[in-house]
Amino acid sequence: MFLFFLPQSADMSAASNLRSEDQFLCSICLDVFTDPVSTPCGHNFCKTCISQHWDMNQSCQCPMCKETFSTRPQLRVNTFISEMVAQFRQQQAAKPGEVPCDVCTGTRLKALKSCLVCQTSYCQTHLEPHLTVKRLKRHQLIDAVENLEGRMCTKHDKLLELFCKTDQTCVCMLCSVLDHKNHEFVPLREEYEGKKAELEKTEAEIQQMIQKRRLKIQEITESVKMSKDAADRQKAEGVQVFTALMESVERRLKELMKEIEDKQETTEKQAEGLIKDLEQEISELMERSSEVEQLSRSEDHLHLLQSFSSLKAAPPTKDWTEVRFHPPSYEGTVGRAVDQLQETIRKLMKKKLLEAELQRVQQYEVDVTLDPDTANSWLILSDDGKQVYCGDVRKNLPDNPERFSRYAMVLGEQSFSSGRFYFEVQVKGKTEWTLGVATESINRKGKVTLCPRNGFWTVWLRNGNEYKARAESPVDLCLHPGPEKVGVFVDFEEGLVSFYDVGAAALIYSFTGCSFTHKLHPYFSPSLNDGGKNSAPLIICPVNQTESINN
């Protein structure tokens, strides 16, 4: 009877490594089979082990089940088990970089532990005596390492067990009483723990440095991406601007050519008219000259006298003495055209620069919603907090400290105490409105004067066409036509509040040199309904960067 090893799945193999390894061990030498043979009773042994066992005993008995054979069995190597053992050895063999077992013969298996006393490394099989034999259990085992000789004192051939703190070196027991007498010593493990703690601290510091550098790489990468995005925008803007410039130059050149050609055509027509009149008179004069010459040759006295009076009177002709032909002067035409072109380019560049500035500040868009706790009781807010208008009926709302009690005002829920932010509001169809930002500390209960001193930086519309910036002294703004959408930009650190006509990509007004000492909130006032004339809502809109370009 033979013992067969069936193939296992990966999970089964992983779960039964230890059991499978036991099956590959010879019960006589307790080592992995060498030339495995099977006895008639079905047990397996190394060929040499079972042969020597029978040589030393008078009877042929199985060491495992004690079955006795009347005649010594003819043993042959079990090729199947031999191949399985070979595969097992190959799987368990020490790989490059791993410590091999010093006891294994043939294929050397991976060592699990090294004995500092025996100066030997053992695989799991050969390690067994150190785990079971009382005398060997006292030996010091460590994870398998190479160069065990390096753990011995070269002078005294003793195990390095102590650490000399005075000389900062590992020593044996003899060193501590001879060469390093009166020095300070600690056990290797104690110094190991201390050094390990230092290494862990160093590792933590290194990891922190690595993380900082990775963050710096990320920062640089993001900066490069932002730079590339900015470069792409500038390239696109450059193409747009210079295309517009070239179109403007070509258009102005065509206008210049047409102006000169029209002048020349008018001049030629005038000259043609004068020349035609002169040629007509020349023709008439030549005809008269012919008549006069013919009459002067006449011998008929009566005929000459009768015809003389009619020929003597000169035909009606124009006095060309004072007639002057003045061709147009082209001097300065090109210069004037260039001046006009420069003015066109200046306006175009100003417009493009404002478009670029608007696109730049639009990058700081924030999501703004209206705060119902601050809304005056006449105001009606949309469910999404994006629209507000003044109703006809005053709502019964709690007079909480945040609420504006006297004027139709409302703040945004979001507050800002640093950085930059931007939002846009549609004002189309309204005859009155006020927009801007206000500090958290503004007066909300009594009379409110909109000015920076009181914590307001705003622009307003009154009577349908009167625009003002509410500075300490209000500034009249000339906006024709007025904006349909207003953009509000704040740079907290720079103390800047700017208002833009989004459709025209034009700057309306900027408050500069502002000193913000409190959090800022977006500020809105749709003003009173005015009998329905001003019923359109203020609408907080998402930014559409192509809008100003298309306009």
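Heads up: these notes are all about the structure in this document. Bear in mind that the values here come from a model prediction, so they are computed numbers and not experimental data.

We now examine the overall build of the protein. If you tally the helices and strands in the protein, you get eleven helices and 23 strands. Its C-alpha atoms give the protein a radius of gyration of 54 Å, more than 25% over the compact-globule value 24 Å for 551 residues. In terms of overall dimensions, the protein has a C-alpha envelope of 195 × 90 × 60 Å along the principal axes. Per-residue burial for the protein yields a buried fraction of 35% across its 551 residues. Considering only contacts in the protein between residues 6 or more positions apart, those separated by 24 or more positions represent 57%. Total accessible area computed for the protein in this model is approximately 34600 Å², and 53% of it derives from carbon and sulfur atoms. Between the mean site of the 68 positive side-chain charges and the mean site of the 79 negative ones, the protein shows a separation of 9 Å.

For the pair helix α8 (residues 188–296) and helix α10 (residues 333–362), the least separation of the axes is 10 Å and the interaxial angle reads 155°. On the basis of the axis angle, α8 is roughly antiparallel to α10. In this structure, α8 crosses over α10, and the sense of that crossing is right-handed. Within the contact of α8 with α10, the residues separate by chemical class into 13 nonpolar, five polar and seven charged.

Most of strand β19 (residues 485–491) sits out of view: seven of its seven residues are buried. Side chains of β19 alternate between two faces, with Lys 485, Gly 487, Phe 489 and Asp 491 and Val 486, Val 488 and Val 490 buried alike. Pairing between strand β14 (residues 420–426) and β19: seven bridges, direction antiparallel. For Phe 423, the partnering residue across the bridge sits in β19 and is Val 488. As judged from the six bridges shared by β19 and strand β20 (residues 496–501), these two strands associate in the antiparallel manner.

Here the focus is the sheet that holds strand β23 (residues 538–541). In sheet architecture, strand pairing relies on hydrogen bonds along the backbone and comes in two forms, parallel and antiparallel. As summarised here, the arrangement of the seven strands in space is β11-β12-β23-β14-β19-β20-β21, forming an open sheet in which the pairing is antiparallel. Each edge of the open sheet carries a strand with a single partner, namely β11 (379–381) and β21 (506–511). Direction aside, neighbouring strands of the sheet carry axes that sit 20° apart on average. The sheet contact formed by β11 and strand β12 (residues 387–390) spans three bridges and is antiparallel. The partner of Leu 379 across the bridge, within β12, is Cys 390. Set on the sheet, α10 makes contact with β14, β19, β20 and β21; between it and β14 the angle comes to about 110°.

Here the focus is the pattern of salt bridges. Inspection of the entire model under this criterion finds 22 salt bridges. Glu 219 is the partner of Lys 216 in a salt bridge, and the nearest nitrogen-oxygen pair spans 3.4 Å. In this pair, Lys 216 and Glu 219 are both assigned in helix α8, three residues apart and thus about one turn of the helix distant. Among the residues examined, Lys 216 registers a relative accessible area of 42% and is labelled partly exposed. Classification of Glu 219 as partly exposed rests on a relative accessible area of 43%. Glu 343 is paired through a salt bridge with Arg 346; the nearest N and O atoms lie 2.7 Å apart. One end of the pair is Glu 343 and the other is Arg 346, both in helix α10 and three residues apart, which spans about a single turn. Take Arg 346: its relative accessible area is 45%, and that puts it in the partly exposed class. Each of Lys 165, Glu 191 and Lys 195 takes part in salt bridges that share partners, so that together they form one network.

Cut-offs and rules
- Residues numbered from 1 in each chain as written.
- Predicted model: local features only at pLDDT ≥ 70, side-chain atom pairs only at ≥ 80, totals over all residues.
- Heavy atoms only, no water.
- Helix = DSSP H or I, 4+ residues; strand = E, 2+ residues; numbered from the N terminus.
- Rg over C-alpha atoms; globule rule 2.2 N^0.38 Å.
- Buried < 20%, exposed > 50% of the residue type's maximum accessible area, 1.4 Å probe, protein only.
- Contact = heavy atoms within 4.5 Å.
- Areas by Shrake-Rupley, 256 points an atom, 1.4 Å probe, with all protein chains shown as cover.
- Lys, Arg positive; Asp, Glu negative; His and termini not counted.
- Charge placed at Lys NZ, Arg CZ, Asp CG, Glu CD.
- Axes fitted to C-alpha atoms, helices over the stretch in contact; angles between N-to-C directions.
- Parallel < 35°, antiparallel > 145°, perpendicular 65-115°, else oblique.
- Left-handed = near helix turned anticlockwise from the far one by under 90°.
- Nonpolar A, V, L, I, M, F, W, Y, C, P; charged D, E, K, R; others polar.
- Pairing = 2+ DSSP bridges.
- Salt bridge = Lys/Arg side-chain N within 4 Å of Asp/Glu carboxyl O.

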